Structures are given as C-alpha cells and as structure tokens.
Amino acid sequence: MAQPFLNQTTLASLVGTAARIPSYPRKNLAPGVVHLGLGAFHRAHQAMVFEALLQRGDPRWAVLGVAMRSTQVAETLDAQDGLYSVQVASAQGTYWQVVGSIWQTRVAAREPEQVVAAIAAPSTRWVTLTVTEKGYVAELAALIVQGLVARRTDGLSGLTIASCDNLSGNGDLLKALCVRAAGDAALQRWIVSQCAFPNSMVDRIVPAATAQRRDEAAQALRLTDDAALATEGFWEWVLEDHFADAADADTLRSVGVTVVSAVKPFEEAKLRMLNGSHSAMACMGAVLGLPTICDCITQPDIHQFVHDLMTLEIMPHLSRPDLATYRDALLARFANPALKHSVHQIATDNSQKIPQRWPPSALAQLDSGGSAEHLAFAAAVWLRYCLGEDERGNSYALSDPLAEVLQATAKQHRGDAPATVKALLGTGSIWGNVLPRDARWTPRVTYWLGQIQSCGVLQAIKDVNRNASPS
Ligand code: CS2
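As the structure is a computational prediction, the values presented were derived from the model and not from experiment.

Chemist: I keep staring at the overall build of the protein chain and nothing clicks. Help me out?
Modeler: Along the backbone of the protein chain there are 21 helices and eleven strands. Projected onto its principal axes, the C-alpha coordinates of the protein chain cover approximately 65 × 60 × 40 Å. Here the protein chain, with 471 residues, has 57% of them falling under the buried criterion. Here the analysis covers contacts within the protein chain between residues at least 6 apart in sequence; of these, 79% occur between residues at least 24 apart. Charge-centre separation for the protein chain: the mean point of 40 positive side chains lies 0 Å from the mean point of 44 negative side chains.

Here you go:
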C-alpha cells in the first residue's frame, strides 16, 4: 500500500515516535541564509547545524536552498514542504531525524534573478556554499556579486559568505573570485569592508542518496521521503572567526561549531588525512571491484596501507593537535558499515580533488628527505583507475571534467607504465609544476604502476606495506 509522503501535515504522525522532528514553528518568515548547492552534504551538515539553531528558537538561520543546475532535489523538497529525513548512524546506535531548516528552494540555472533577489533580501545574513571543487568559477562569483550590488544600492549590510567546499583556503579563494567579479573599485572596497569570507573546514561523511535509503526511511518513518539521506554521528565545522556580525561566533559555538582564529591546521589535516585517504581508497576500490569505503578499509592490507599513509607521509607535516587520535577516529569512521559510501562517488572529479589531497604531502615528504612511497602508489592506482576497467574486467565510467582525455590517454598507453606516467602525470593542473619533474617521484610512480600491472593492486599494496614495515 502506498504510504503518504513526508510533509508538514504528515509530520504530525511522527510525534511521540523515536524520530527527531522540528519542534519550532516553520512559519512564513524570510530565511536568513541563502545556501548555494543543494546536495546531500549540505543537507546533512550545515542544514542540520542551522536546524539546531532553529530548535533553540533563533529563526534567523532558516535556509533558502539553491540548487545550481538540477531541478530534481528542489522539486522533491518543495513537494515535501522542504522536509527530509536523515539516518544518523554511529557505533552508539542509529536514529532518524527529520530536518526542517530548508524553508524555500530555488534553481540558479532556471531563475538566477530570484537567487540574486534572495541574496539581496533584507533578512539575509549569510550565504553558504557547497558547489564542489569545480564550482569556483566566474559565473558563481557574478551571481553572488549581483546580490551584493543590490544590497549596497539598498543601503543594506554586508554578508558572511562561507565556502564549505573541500578546498584549501576556501574563503580566501571565494573572496578573490568575488572581488575580481566586482571589477569596480568602489564596489570592491564595499565587499571587502562589509562582507566576511571566513575560511572553513567542514567534515561529515554523507553518501549520495540511494533508493535503498529511501526504502529504509519508508520503513522507519512509515512515510515516503524521496529526499532521505544517511550520515554518520560525527560532524565537525571549524570556521575562521571572521563574520559580518561578530556575535555569530558565540551563536554558532552554542550548537557545537568550532570558531578559531586560524583554520589552516584543521583544514590541512582534514583534506590530507580524511580526503587524501578517501581518494586513495576510491581508486583502489574501483580497480579491485570493492564497491564501498567500508569494503576497502575492512581489508587488512588496505587498512594497513591507509594507516601507514597517514602516519608516515601525511601526519609529519600537520599541526592539528592529537593527530594519532584523529587518525584512529578516521579509520573507525571509514569502517562505519551503515554508510555504504560508494568508491565511485568519491572518485568523481578526481582531477579536481587530488591537488588538495596528495601533492602537498608528497612535496613536504620529499623536501624533508622522507619517503613518499604510499603517495606514489596512490598516484599509480589513480593512473590504473583512469582505464575505466576493474581487475575483474568490468568497465566503469569516469565522472570527471577531464574524463575523456584521461581515459583515452590511459587506454592509448595501456600496459606501458613509463609511457602512461609520462603522458598522464603532467595532465592538467593535477600534480602542480614540481612533482611531475621530480626525479624522486616520477620513477616511483612508474615502478608502482608496473607492479600493479604485473601482479594486481592487492599484491602491490602488500609490497608497499612490507617495505614500510620491514619487521
Ligand atoms: C569525499 C568527501 O567525495 C569525496 O570526495 O572525500 O565528500 C568526504 O566524505 C567529506 O569531505 C567528509 O567530510
């Protein structure tokens, strides 16, 4: 029998159940946050932080959620009055939470003028962004700047504009992009003096929505939720203490956000340890035919590889406190069986993600005279991954702005490690200027690709592991 959909009316059926639901009035107030990028990550991270603030009775944090291109999520949320459920799964147990913080939606590609109007609305105080690494382009800045121009013309205050993407110095990057888009010197001065672009580190593992998740939600809630998601219990949001309204620092702290003067130690540790390990496992899993991160990390050889990668080659160059504890927590998070985090999802846009995740550690290792074998190995698995075919002979699609050239080049030099490395290790801006020409790097990547080609990824992982721990 068809179940009713989750919406503002049917929400009442969850009162008194184990599900957590919004208990604040979701009235027709104007949202205070415009969020750009309505993907799963925002809905299970910032939107849940804003939800906590709304639950505390502070209506300034309701969200107008903007999908950049696709209309699907916006339409699904609209049909459900903006409500969606999130399964929060950790070793402590699992619960479902219905989130109500997204009060309105827009689609930037369909109605850009409405997005500009939302940014320019008097109630708007924040703009947040999860537009992915490849989204930081002039077009995005132009959209934001149009909203800012209207605010300035109307004599309104500036905004806090917070990038929540996995980019190094994400706030600085966005600020530079917006200042460039502004062109006019007076407008540039207004933006710089009235708006704040805090750098931030955001962390929560949020797999893309799946039909299985929707089935689980239907079973748990007895309501149909086409926007259902799952995530882990852990979350972290470290924001630079730099806001258009300075009082926001304490407000955010009150719901568990970390506000600090310098984000860099947190950002580097997260990008290189969590995301760096993720990308390595994503390539290994894809080539081995292991579908999820949990399937990868529960293989003892891969577990040891990731442990040693972090310990030997990444952690020596980080300054976040308690790195060993942080590493062990990551290893446990990767093994969360409820998440079913697809390796192919993480391998999406590899060419945009790798620059933040691997080269900084490799360069730091080489500069300090250390070994970068694990990172060279990761680079070699990525080269093997670019073939688009796993070791069982199944093909998979590369989803990457450079997919075509990467796959064609990998195929052209199939089986020839030196030629593959020569052709692909300099592609695009993935590896920077220094590494591809470094005599301590390129031969090692070539060596490991050769090993992978001759004895397979798993055997090659055993070899790296053995070399790292001769005992
Ligand atoms: C992942 C991230 O898809 C990816 O590239 O590495 O989405 C990762 O799950 C998050 O950054 C965790 O905070």
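Chemist: Sorry if this is basic, but what is going on with the packing of aromatic side chains here?
Modeler: Two numbers describe a pair of aromatic rings. These are the distance of the centres and the angle of the planes. Scanning the entire structure with this criterion turns up eleven aromatic pairs. Between Y447 and W448 the ring centres are 4.9 Å apart and the planes differ by 75 degrees, which places this aromatic pair in the edge-to-face class. Accessibility expressed as a relative area gives 35% for Y447, which makes it partly exposed. Linked through ring pairs, F50, W61, W126, W237 and F243 together constitute an aromatic cluster. One Lys or Arg, R20, reaches over the ring of Y95 and ends 3.5 Å from the middle of that ring.

Chemist: Could you clarify how one ought to interpret the side chain of T10 in this entry?
Modeler: Counting through the fold element by element, T10 comes out in the segment before β1 (33–36). From its side chain, T10 meets the backbone nitrogen of N7 in a polar contact 2.8 Å long. Those residues in contact with T10, other than ones at most four positions away along the chain, are P4, F5 and L223.

Chemist: Just to check I follow, could you spell out the site of the ligand for this structure?
Modeler: Around the ligand, the neighbouring residues are N166, V202, D203, R204, K270, L274, N275, H278, H341, I346, K353 and R357. N166 is positioned with one of its side-chain polar atoms (N or O) 3.0 Å from an oxygen atom of the ligand. The side chain of K270 places a nitrogen or oxygen atom 2.6 Å from an oxygen atom of the ligand. When isolated, the ligand has an accessible area of 340 Å², and the protein chains bury 90% of it. At the level of secondary structure, the elements contributing two or more residues to the shell around the ligand comprise β8 (200–203), α10 (264–288) and α15 (350–357). Looking at the shell around the ligand, its residues break down into three nonpolar, four polar and five charged. Residue-level mapping places the shell around the ligand at the junction of two domains, with at least three residues from each of domain 1 (10–260) and domain 2 (264–468).

Conventions we followed
- Along each chain, numbering runs from 1 in the same order as the chain's sequence is written.
- Where local features are concerned, this predicted model is filtered to residues with pLDDT of at least 70; where side-chain atom pairs are given and counted, the filter is 80 or more; whole-chain, interface and lining totals use all residues.
- With hydrogens and water excluded, all non-hydrogen atoms of the structure serve as input to the side-chain values.
- Segments assigned H or I by DSSP are reported as helices when at least four residues long, segments assigned E as strands when at least two residues long, and all are numbered from the N terminus.
- Under the scheme applied here, a residue whose accessible area is under 20% of the maximum for its type counts as buried, over 50% as exposed, and between as partly exposed, the area being computed with a 1.4 Å probe on protein chains only.
- By definition, residues are in contact when any of their heavy atoms lie within 4.5 Å.
- Charge convention: Lys and Arg are scored as positive, Asp and Glu as negative, and His as well as the terminal groups of each chain are ignored.
- Charged side chains are reduced to one point each, which is NZ for Lys, CZ for Arg, CG for Asp and CD for Glu.
- Pairing of aromatic rings covers Phe, Tyr and Trp, the last through its six-membered ring, and needs centres within 6.5 Å; plane angles under 30 degrees mean stacked, over 60 mean edge-to-face, and all others mean tilted.
- Counting as a charge over the ring demands two things of the Lys NZ or Arg CZ atom: a distance within 6 Å of the ring centre and an angle within 35 degrees of the ring normal.
- A 3.5 Å cut-off defines polar contacts: any pair of N or O atoms within that distance qualifies, except that in protein one atom must be a possible hydrogen donor and the other a possible acceptor, and neighbouring residues in sequence count only when both atoms are side-chain atoms.
- Proximity criterion: a residue is near a molecule or strand once any of its heavy atoms comes within 4 Å of it.
- Residue burial considers only the protein chains on display, and all accessible areas are found by Shrake-Rupley using a 1.4 Å probe.
- Residue polarity is assigned by list, with Asp, Glu, Lys and Arg as charged and Ala, Val, Leu, Ile, Met, Phe, Trp, Tyr, Cys and Pro as nonpolar; anything else, Gly included, falls into the polar class.
- Where each domain begins and ends is defined by an automated method or by a domain database.

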